[in-house]
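Okay, here's what each chain looks like letter by letter:
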Amino acid sequence: MATGRTHRPATRSRGIPEATVARLPLYLRALTALSERSVPTVSSEELAAAAGVNSAKLRKDFSYLGSYGTRGVGYDVEYLVYQISRELGLTQDWPVVIVGIGNLGAALANYGGFASRGFRVAALIDADPAMAGKPVAGLPVRHTDELESIITDNGVSIGVIATPAGAAQQVCDRLVAAGVTSILNFAPTVLSVPEGVDVRKVDLSIELQILAFHEQRKAGEETAPAAGQPRGEARAPEGGKGPDGDIPEVMPA
């Protein structure tokens, strides 16, 4: 089986838009669920609903793959699973290192979805000498002094950073210098990387803040002005004033 260092996905060379690439895993997840239920074909409308997109966008995305389906029949589920997996590079073996084996890093190491999608956790790495040799998810944790040799020996091109924010950039620099060209960053900081290195950032606190925004908006809709009261006119809370003057009960959108 090929390794990630010598084979890269074909998406860029084929000119598939980044937005389409970002949706391919959603389609694959929905198709895999259908495959597990032995569903042979699926319509664009059904698959779009399962993936959370509209059917016109789905058909456009699949046109980049050269897959147009059959009128009155739909798409062949197994063929699409193979086609999207191949396009995403999931028919290859991608060795991955996880750096930072705290609570989050250990949880990532134990995540079963890596292996089922073609990602092999080659090594778990941590800067704490006390962690060295301790088994996590069946692998002994190795010290960061070994990072470069681990990457070279295993042909690693994908690194996962789950360190505290203060250590993330230094770890990133070492990964890149050792040959890693794709990084999944869980540290709450923005990484600086040279051209040719791809970074995907996962920040749970940002996602929660976005959800909080939507919750606040929903709360504002529930306390919308009664009929006859002009929209945009917020009622002052009881007492009328705060330290900065009148304070609306809900800030206008």
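Each chain carries its own residue numbering, running from 1 in the direction its sequence is written. It should be noted that, the model being predicted, local features are given only for residues of pLDDT at least 70 and side-chain atom pairs only at 80 or more, the latter also being counted only at that level, while totals for whole chains, interfaces and linings use all residues. Side-chain figures throughout are based on the complete set of non-hydrogen atoms in the structure, without hydrogens or water.

The strands that make up a sheet are held in pairs by hydrogen bonds between backbone atoms, and each pair lies either parallel or antiparallel. Across the sheet, which stays open at both edges, the seven strands sit in the order β5-β6-β4-β3-β7-β8-β9 with mixed pairing between neighbours. Whereas interior strands pair on both sides, the edge strands pair on one side only; in this sheet they are β5 (135–136) and β9 (198–201). In terms of strand pairing, strand β8 (residues 182–185) meets β9 through four bridges, oriented parallel. By the bridge assignment for β9, Ser-182 is matched with Asp-198. Packing of helix α7 (residues 147–154) onto the sheet brings it into contact with β3 (94–99), β4 (119–126) and β6 (139–143), and relative to β4 it is tilted by some 165°. Whether two strands pair depends on DSSP finding at least two bridges between them. Strands here are runs of E lasting at least two residues and helices are runs of H or I lasting at least four, both read from the DSSP assignment and numbered beginning at the N terminus. Residue contacts are counted whenever heavy atoms from the two residues lie within 4.5 Å of one another. Angles shown run from 0 to 180 degrees and are taken between the N-to-C directions of axes, each axis being a line fitted to C-alpha atoms and, for helices, limited to the stretch in contact.

Side-chain atoms within 4.5 Å link the members of a nonpolar core, which is a set of buried Ala, Val, Leu, Ile, Met, Phe, Trp, Tyr and Cys residues. The buried label goes to any residue with under 20% of its type's maximum accessible area, the exposed label to any with over 50%, and the partly exposed label to all in between, with areas taken from a 1.4 Å probe on protein chains only. By size, the foremost hydrophobic cluster in this structure holds 23 residues, and its most contacted members are Tyr-27, Leu-31, Val-42, Leu-47, Leu-58, Phe-62 and Ile-84. Residue assignment for this core shows that the elements contributing at least two residues are α1 (18–36), α2 (44–51), α3 (55–65) and α4 (77–88). Here the element with the most residues in this core is α1; it accounts for seven residues. What Leu-47 contacts, discounting residues up to four positions off in sequence, is Tyr-27, Ala-30, Leu-31, Leu-34, Val-42, Leu-58, Phe-62 and Leu-80. Judged by nonpolar contacts, the second largest core, of 20 residues, contains Ile-151, Val-171, Ala-187 and Val-197.

What makes a salt bridge here is a side-chain nitrogen of Lys or Arg within 4 Å of a carboxyl oxygen of Asp or Glu, nothing more. Scanning all chains against the criterion turns up seven salt bridges. For Asp-93, the salt bridge identified is with Arg-120, shortest N-O distance 3.3 Å. Of the two residues, Asp-93 sits in the loop between α4 and β3 while Arg-120 sits in strand β4, which places them 27 residues apart along the sequence. For Asp-93, a relative accessible area of 14% gives the class buried. The partly exposed category is assigned to Arg-120, whose relative accessible area is 35%.

Next up on the list: α1. Here α1 is 19 residues long and its end C-alpha atoms lie 28 Å apart, about the 27 Å a rise of 1.5 Å per residue gives. Along α1, the positions that sit buried rather than exposed are Thr-20, Val-21, Arg-23, Leu-24, Tyr-27, Leu-28, Ala-30, Leu-31, Thr-32 and Leu-34. Phi for Ser-38, located one or two positions after α1, is positive at around 60°. A helix's residues, less one, multiplied by 1.5 Å, set its expected span.

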